[in-house]
Amino acid sequence: MRRKIIAGNWKMNGNVAFTRDYLSKFEQSLREKGLLASSDFQIVIAPPSILISEMKCSISDTSIEVAAQNVSAFDEGAYTGEISVSMLKDLACDWCLVGHSERRALFDETDAEVVKKVQQLLGKGIQPILCVGETLEQRDAGRAESVVAEQLDAVFLNEELVRSGELAKVVVAYEPVWAIGTGKTASPEQAQSMHESIRNRVAEKASSLAETLVILYGGSVNAANAQSLFAQKDIDGGLVGGASLKIDEFSSICEHVAQAK
Ligand code: PGA
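Every value quoted in this text rests on a predicted model; they were computed, and no experiment measured them.

Enquirer: Provide a residue-level description of the side chain of Asp234, including the pertinent values.
Expert: Looking at the element boundaries, Asp234 is found in the loop between α11 (226–230) and β8 (237–240). According to the relative accessible area criterion, Asp234 is buried, its value standing at 3%. Among the polar contacts made by the side chain of Asp234, one reaches the side chain of Gln192 at a distance of 2.8 Å. Look past the residues within four positions of Asp234 in its chain and what remains in contact with it is Arg2, Gln192, His195, Glu196, Arg199 and Ile215.

Have a look at this one:
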């Protein structure tokens, strides 16, 4: 059985006061729903890096884990403004998003950089959440699956990564670019179909990893659509942006994931 994971991506939102207030109320809400500390269900929150330390200190129940939204592809040195994997490790950060579509589109992040980041993270024991997804134009041109396959292959076929034997620690988040922050979610059928194709692709290229690969869906997930999305057989959880900033909404999305299947 695969572990279910729900991750909240705060993007460039929040501050110290918000983080403290959010966590005390969010944890309270999870406790009321009996959702904390379960071995097959993981809650992850990705605040801006500058708030990771505050978040780590404010979490009272260790069953909530913390992710960074990005990391440098470089080790250390003269890279002004960058944050290294060692620095994330130093803050006891557990996870890191890699290749989010906003980074690919707004900051020209390439598959080659994504691979370097995944290597850095796995080398230091931080679990990558590899984001993949097609634009509307690519979907309309019938290229959705091939675009996603290419993004996956960059990582799952990278010889060094294959040799490292660490690829089983990678979680994939399928986020159709046209569904991110638009209020336009992929239908459960569309999402399931892509998730199945992702699992098949990984099965074809790295067969031992496919069955246990955790694949999250992201793109305008909210409390109203969560149940039907997470009921799909290859959807193992979610990556939630806007709705993760609203405590009640995110807490009910968490409940839907925990209760799914
Ligand atoms: P959204 O963002 O839920 O606001 O669409 C998802 C994401 O970008 O991870």
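That was the structure; now back to the text.
Enquirer: Before we move on, can you summarise the sheet that holds strand β5 (residues 127–132) with the specific residues and values?
Expert: Here we have eight strands rolled up into a closed barrel, ordered β1-β2-β3-β4-β5-β6-β7-β8, and parallel in their pairing. The mean angle between the axes of side-by-side strands here comes to 25 degrees, regardless of whether they run parallel or antiparallel. Of the strand pairs in this sheet, strand β7 (residues 215–218) and β8 are connected by two bridges, and their pairing is parallel. Across the sheet, residue Tyr217 finds its bridge partner in β8, namely Gly238. This element, helix α7 (residues 144–156), spans β5 and β6 (171–174) of the sheet and lies at about 155 degrees to β5. Together, β5, β6 and β7 form the strand contacts of helix α9 (residues 188–205), whose direction differs from that of β7 by roughly 145 degrees.

Enquirer: I'd love a proper account of the state of the cysteines, names of residues and values included.
Expert: Within the structure shown, the criterion is met by zero disulfides. Note on Cys96: no disulfide assigned, nearest cysteine sulfur contributed by Cys93 at a separation of 6.4 Å. Free of any disulfide, Cys131 has its nearest neighbouring cysteine sulfur in Cys96, separated by 9.4 Å. On the basis of relative accessible area, Cys131 is assigned to the buried category, the value being 1%.

Enquirer: Tell me about the pattern of salt bridges, and name the residues and values.
Expert: Following the criterion strictly, the structure yields 16 salt bridges and no others. With its nearest N and O atoms 3.1 Å apart, the salt bridge here joins Asp94 to Lys56. Taken as a pair, Asp94 in the loop between α3 (85–90) and β4 (95–98) and Lys56 in helix α2 (residues 52–58) lie far apart in primary sequence, 38 residues in all. Residue Asp94 is classed as partly exposed on the basis of its relative accessible area of 21%. Of the charged contacts in the structure, one is a salt bridge between Glu109 and Arg103, with a shortest N-O distance of 3.3 Å. In the salt-bridge network here, residues are joined through shared partners; they are Arg2, Arg199, Glu211, Lys233, Asp234 and Asp236.

What counts, and at which threshold
Residues numbered from 1 in each chain as written. Predicted model: local features only at pLDDT ≥ 70, side-chain atom pairs only at ≥ 80, totals over all residues. Heavy atoms only, no water. Helix = DSSP H or I, 4+ residues; strand = E, 2+ residues; numbered from the N terminus. Buried < 20%, exposed > 50% of the residue type's maximum accessible area, 1.4 Å probe, protein only. Polar contact = N/O pair within 3.5 Å; in protein donor to acceptor, adjacent residues only side chain to side chain. Contact = heavy atoms within 4.5 Å. Pairing = 2+ DSSP bridges. Axes fitted to C-alpha atoms, helices over the stretch in contact; angles between N-to-C directions. Disulfide = S-S within 2.5 Å. Salt bridge = Lys/Arg side-chain N within 4 Å of Asp/Glu carboxyl O.

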